[in-house]
Amino acid sequence: MITVHSKPSIEPHRKSGWELVLWTGDAFDYSTPFRDILTDIAAVLNRDAPTSVELPGYEAMEDDVRGVLRFGNESIGIYYEHSLSYLSLMSESPKTLNKICDRLQPLVALAA
């Protein structure tokens, strides 16, 4: 289960394209398991197309982590910021992000 503080949304990215936004924890909570969340996301998406997550190695107190989610032939940008507990999946295609969001719905629960 992926616990979020607000319903996942797809928004225009401030630089270009679109982003699927997941508010996954409390600000500055370095125990938020965003790497595990990405593993769960990849497992769900792998049912539709080969999926993998590429992230740099773990660093203590890491922040501003960038990577790539490979979903079939798509390369989805990953950005996670511990200081905001903000997970963003970025793509030029809102259709791709909508597909991902739809697949994730059974995994996502709003925090009480």
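Data block above holds the structure.
The following refers to the structure shown. The shown structure was predicted, so the numbers you read here are calculated from the model rather than taken from an experiment.

**Points about the pairing of strand S7 (residues 86-91)**
So, step 1. Counting buried positions along S7 gives five out of six residues, so the element sits mostly inside the fold.
So, step 2. When strand S3 (residues 18-23) meets S7, the two strands line up antiparallel, connected through six bridges. The residue bridging Trp-23 from the neighbouring strand is Tyr-86, located in S7.
So, step 3. Relative to S7, strand S6 (residues 74-81) is paired through five bridges, and the arrangement is antiparallel. Bridging from a neighbouring strand, Tyr-80 pairs with Leu-87 of S7.
So, step 4. Following S6, the chain reverses through four residues before pairing antiparallel with S7; Ser-85 in that reversal takes a positive phi of roughly 50°.

**Thoughts on the environment of Lys-15**
So, step 1. Mapping Lys-15 onto the fold places it in the loop between strand S2 (9-12) and S3.
So, step 2. Residues Lys-15 and Leu-89, 74 residues apart in the sequence, show an inter-C-alpha distance of 13 Å.

**Things to note about the sheet that holds S3**
So, step 1. Strand order across the open sheet formed by six strands is S2-S3-S7-S6-S5-S4, with antiparallel pairing between neighbours. At either end of the open sheet lies a strand with only one pairing partner, and these are S2 and strand S4 (51-54). Here the average twist between neighbouring strands, direction ignored, is 25°.
So, step 2. In this sheet, S3 lies alongside S2 in antiparallel orientation, the contact comprising four bridges. By the bridge assignment, Glu-11 is partnered in S3 with Glu-19.
So, step 3. Where helix H1 (residues 34-45) meets the sheet, its contacts fall on S3, S4, strand S5 (65-71), S6 and S7, and the angle it forms with S5 comes to roughly 10°.
So, step 4. Sitting on the sheet, helix H2 (residues 94-104) is in contact with S2, S3, S5, S6 and S7, with an inclination near 25° to S3.

**Focus on unusual backbone geometry**
So, step 1. Phi angles above zero are rare outside glycine, and Phe-28 is one such case at about 60°.
So, step 2. Backbone geometry at Ser-85 places phi at a positive 50°, although glycine is not the residue there.
So, step 3. With respect to the helices and strands, Ser-85 occurs in the loop between S6 and S7.
So, step 4. Classification of Ser-85 as buried rests on a relative accessible area of 0%.

**Things to note about a nonpolar patch on the surface**
So, step 1. Together, Phe-28, Tyr-30 and Met-61 make up a nonpolar patch on the protein surface, roughly 350 Å² of accessible area in all.
So, step 2. Note that Phe-28 resides in the loop between S3 and H1.
So, step 3. When its relative accessible area of 56% is taken as the criterion, Phe-28 is described as exposed.

**Quick notes on H2**
In an α-helix, one full turn covers 3.6 residues, which means residues spaced three or four apart are oriented alike.
So, step 1. When H2 is considered as a whole, its buried residues turn out to be Thr-96, Leu-97, Ile-100, Cys-101 and Leu-104. Down the axis of H2, the sector holding all buried residues measures 135°, keeping them to one side.

Reading the values: rules and limits
- Numbers given to residues run from 1 along each chain, matching the order in which its sequence is written.
- Per-residue local features of the predicted model are confined to residues with pLDDT of at least 70, and side-chain atom pairs are confined, for both listing and counting, to 80 or more; whole-chain, interface and lining totals are unaffected and use all residues.
- Hydrogens and water molecules were not included; the side-chain quantities draw on all heavy atoms of the structure.
- Burial classes: relative accessible area under 20% of the type maximum marks a residue as buried, over 50% as exposed, and values in between as partly exposed (1.4 Å probe, protein chains only).
- The helix count covers DSSP runs of H or I at least four residues long, the strand count covers runs of E at least two residues long, and both are numbered beginning at the N terminus.
- Two strands form a pair only when DSSP identifies at least two bridges running between them.
- Helix axes use the C-alpha atoms of the stretch in contact, all axes being lines fitted to C-alpha atoms, and the angles between their N-to-C directions lie in the range 0 to 180 degrees.
- Any two residues whose heavy atoms approach within 4.5 Å at even a single point are treated as in contact.
- To count toward a patch, a residue needs a relative accessible area over 30% and no salt bridge; like charges are then connected within 9 Å, while nonpolar side chains (Val, Leu, Ile, Met, Phe, Trp, Tyr) are connected within 5 Å.
- The Shrake-Rupley method, run with a 1.4 Å probe, gives the accessible areas here. Residue values count only the displayed protein chains as cover.
- Think of a salt bridge as a Lys or Arg side-chain nitrogen and an Asp or Glu carboxyl oxygen that are within 4 Å of each other.
- Throughout, the arc means the angular range of directions from the helix axis out to the C-beta atoms.

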